[in-house]
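Descriptive analysis of the structure
What follows is the residue order along each chain.
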Amino acid sequence: MADKNPFSDPNFGSEKSQQDQAKANPFNDPNFGKDPSLAERAAYGFKRMVGATRTALTDSPEKVGEILAEQTATAPQQSVAARRMQEEIKPYQDAYQASSGLDAVKKFGALGFKRAVQLVTEPVESAKLMAEQVPNSLPGLAGGYAGMKAGAALGTAVAPGLGTAAGAMIGGVLGGTAGAYLTEKGSSIQEQVQKKAAEAGVNQTDAAGLANVYQANQGGIDKAAALKGVGTSGTDAVLNVLTMGLSGAGRRMLSKEIEATYSAVKAGGMSAADGAKQLALLEARHAAQNTLGQKALRGAGVIGGEMGGEALSEAAGQKLAYGSVDPLEVIDEGLLGFGQGAAMGATSGAFNKIAGTPKASGIDEQLKALRGEVADTSRPAGDAPQNDAPAG
């Protein structure tokens, strides 16, 4: 009785710890009713990522049960905004589940639109959701970066230039897949165990109960989780590399054209007059690539590519592992991928550097060298040339 009514507890109000009193009477808990901060949500997101990786690395049901129970027990309480969003979105989820064929496409669109409106009209909760989601991308980004670096080094040894770019892309895909695989696999194991536990009426903080659920279904859960890990991490890695590669494609093409024009003018295959015309075109393209609008467009392209990639990779992984797709999870992965897209945009420069894409300053140096070569070719014979070879 005292557990249900703290005011009937004879020890209530005596010299007990604040934690014990908070358990007996939640109104004594200083955090009761308080929405978790952005930092708390981000820290919990990081904790979940580590927990998912630990889950994938163990075969022990007891250990998995402990990890899951501890994560649930220490999870930040659901914010008021999150509860409101959950209540508002449920009718749209139910409508989608009851639909089929062309009607299902319409209901999916309505669900996605409603979720997007929620995220726009609840900016604080949206920021917290993104902060909680960003840590999930860290293993893939780290693995992708390491893979790109190793692949670029190997490609350079085989065929400098083309081999460097190709090696970086292949290494990025392999490294990104390897980096994210364990986290994706572990997350799938956790989600499946929690779902089956809920169906069986097992408390999500009961470590022994969760361990029993996992042990009873371990074969099927592990098989599906492995497929989910491969499907999601592999698709995401491919799309990440393509997105970052495309963001620097224009600059790489411009660099090669400047180099080709320089070589043609220097070898006499292009006259000084034609070289000057080509130089003017190349300078105009370089200026156009570096306007504020174009830089913003490239950044938006990286973010948009990551958002689309997150949704597609989640859908691919779920379909491969479970044979079906949860529409809201796919939509959330895409919309909340804005945070990961921003992180990718911040690291795309590192990818372009590894892949051999020159910076804007490097293009400036190439144009300067071409300008000098055109001027030297135009000089009367006997005048000393003043140019240097362009940096490739």
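Fair warning: this is a prediction, and the values are worked out from it, not measured in the lab.

1. Looking at the overall build of the chain
Along the backbone of the chain there are 15 helices and zero strands. Considering only residue pairs separated by 6 or more positions, the chain has 75% of its internal contacts joining residues 24 or more positions apart. Within the structure as shown, the chain displays about 20,300 Å² of accessible surface, and the carbon and sulfur contribution to it stands at 61%.

2. Considerations on the pattern of salt bridges
A full pass over the atoms with the stated rule returns 14 salt bridges. Close ionic contact of aspartate 94 with lysine 90 constitutes a salt bridge, the shortest N to O distance being 3.0 Å. Residue aspartate 94 and its partner lysine 90 are located together in helix 4 (residues 80-97), separated by four residues, close to a single helical turn. Residue aspartate 94 is classed as partly exposed on the basis of its relative accessible area of 40%. A residue is classified by how much of its surface remains accessible, and lysine 90, at 45% relative accessible area, is partly exposed. The partner of glutamate 314 in a salt bridge is lysine 228, with the nearest N and O atoms 3.2 Å apart.

3. Notes on the environment of alanine 197
Mapped onto the fold, alanine 197 is located in helix 8 (residues 162-200). Taking the C-alpha atoms as reference, alanine 197 lies 9.2 Å from asparagine 212; in sequence the two are 15 residues apart. If sequence neighbours within four positions are ignored, alanine 197 has contacts with Val202, Gln204, Leu210 and Val213.

4. Side note on the packing of helix 8 against helix 9 (residues 207-247)
Closest axis-to-axis distance for the helix 8/helix 9 pair is 5 Å, and the angle between their directions is 150°. In terms of orientation, helix 8 lies roughly antiparallel with respect to helix 9. Between helix 8 and helix 9 lies a crossing of right-handed hand. Residue classes in the contact of helix 8 with helix 9 are distributed as 19 nonpolar, eleven polar and five charged.

5. Quick word on the confidence of the model for the chain
Of all residues in the chain, 85% have pLDDT values of 70 or greater, and the mean over the chain is 85. Averaged over each element, pLDDT in the chain is lowest for helix 1 (residues 18-24) (41) and highest for helix 3 (residues 61-73) (96). Within the model, the stretch residues 1-29 combines pLDDT values under 50 with 23 contacts to residues more than four positions away or in other chains.

6. Notes on helix 13 (residues 327-335)
Across the nine residues of helix 13, seven count as buried, placing the element largely inside the fold. If you check which residues of helix 13 are buried, you get Pro327, Leu328, Val330, Ile331, Asp332, Glu333 and Gly334. Structurally, the start of helix 13 carries an N-cap: the backbone nitrogen of leucine 328 is 3.1 Å from a side-chain oxygen of aspartate 326.

7. Here we look at the side chain of serine 233
Tracing the backbone shows serine 233 in helix 9. For serine 233, the side chain forms a polar contact with the main-chain oxygen of threonine 177, separated by 3.5 Å. If sequence neighbours within four positions are ignored, serine 233 has contacts with Thr177, Ala180, Tyr181, Glu184 and Lys228.

8. A few points about a nonpolar patch on the surface
Among the surface-exposed residues, Met169, Val238, Leu242 and Leu246 lie close enough to one another that they form a single nonpolar patch of about 340 Å² accessible area. Here the nonpolar patch gets three residues from one element, more than from any other, and that element is helix 9. Within the element layout of this structure, leucine 242 appears in helix 9.

9. A closer look at the packing of helix 4 against helix 5 (residues 101-121)
A packed helix pair is summarised by two numbers, namely the angle formed by the two axes and the spacing between the axes. It is at 8 Å that the axes of helix 4 and helix 5 come closest, and there the two elements cross at 170°. Classified by the angle their axes make, helix 4 and helix 5 are roughly antiparallel. Between helix 4 and helix 5, the residues in contact are Met85, Glu88, Ile89, Tyr92, Gln93, Ala95 and Tyr96 and Ala104, Lys107, Phe108, Ala110, Leu111, Lys114, Arg115, Gln118 and Leu119, respectively. Looking at the contact of helix 4 with helix 5 residue by residue, the class counts come to ten nonpolar, two polar and four charged.

10. Considering helix 7 (residues 138-158)
Along its 21 residues, helix 7 runs 30 Å from first to last C-alpha, staying within 8% of the 30 Å computed at 1.5 Å per residue. Burial in helix 7 covers these residues: Pro139, Gly140, Gly143, Gly144, Gly147, Met148, Gly151, Ala152 and Gly155.

11. Some words on the environment of lysine 295
Within the secondary structure, lysine 295 is located in helix 12 (residues 292-322). Separated by 48 residues in the primary sequence, lysine 295 and serine 247 have C-alpha atoms spaced 9.9 Å apart. The contact partners of lysine 295, leaving out residues within four places of it in the chain, are Gln289 and Asn290.

12. Quick notes on the environment of leucine 242
Exposure remark for leucine 242: the relative accessible area of 40% places this residue in the partly exposed category. Put simply, leucine 242 and glycine 309 are 67 residues apart on the chain and 10.0 Å apart in space, counted from C-alpha to C-alpha.

Rules of the game
- Residues numbered from 1 in each chain as written.
- Predicted model: local features only at pLDDT ≥ 70, side-chain atom pairs only at ≥ 80, totals over all residues.
- Heavy atoms only, no water.
- Helix = DSSP H or I, 4+ residues; strand = E, 2+ residues; numbered from the N terminus.
- Contact = heavy atoms within 4.5 Å.
- Areas by Shrake-Rupley, 256 points an atom, 1.4 Å probe, with all protein chains shown as cover.
- Salt bridge = Lys/Arg side-chain N within 4 Å of Asp/Glu carboxyl O.
- Buried < 20%, exposed > 50% of the residue type's maximum accessible area, 1.4 Å probe, protein only.
- Axes fitted to C-alpha atoms, helices over the stretch in contact; angles between N-to-C directions.
- Parallel < 35°, antiparallel > 145°, perpendicular 65-115°, else oblique.
- Left-handed = near helix turned anticlockwise from the far one by under 90°.
- Nonpolar A, V, L, I, M, F, W, Y, C, P; charged D, E, K, R; others polar.
- pLDDT = per-residue confidence, 0-100.
- Polar contact = N/O pair within 3.5 Å; in protein donor to acceptor, adjacent residues only side chain to side chain.
- Patch = residues over 30% accessible without salt bridge, like charges linked within 9 Å, V, L, I, M, F, W, Y side chains within 5 Å.
- Expected span 1.5 Å × (residues − 1).

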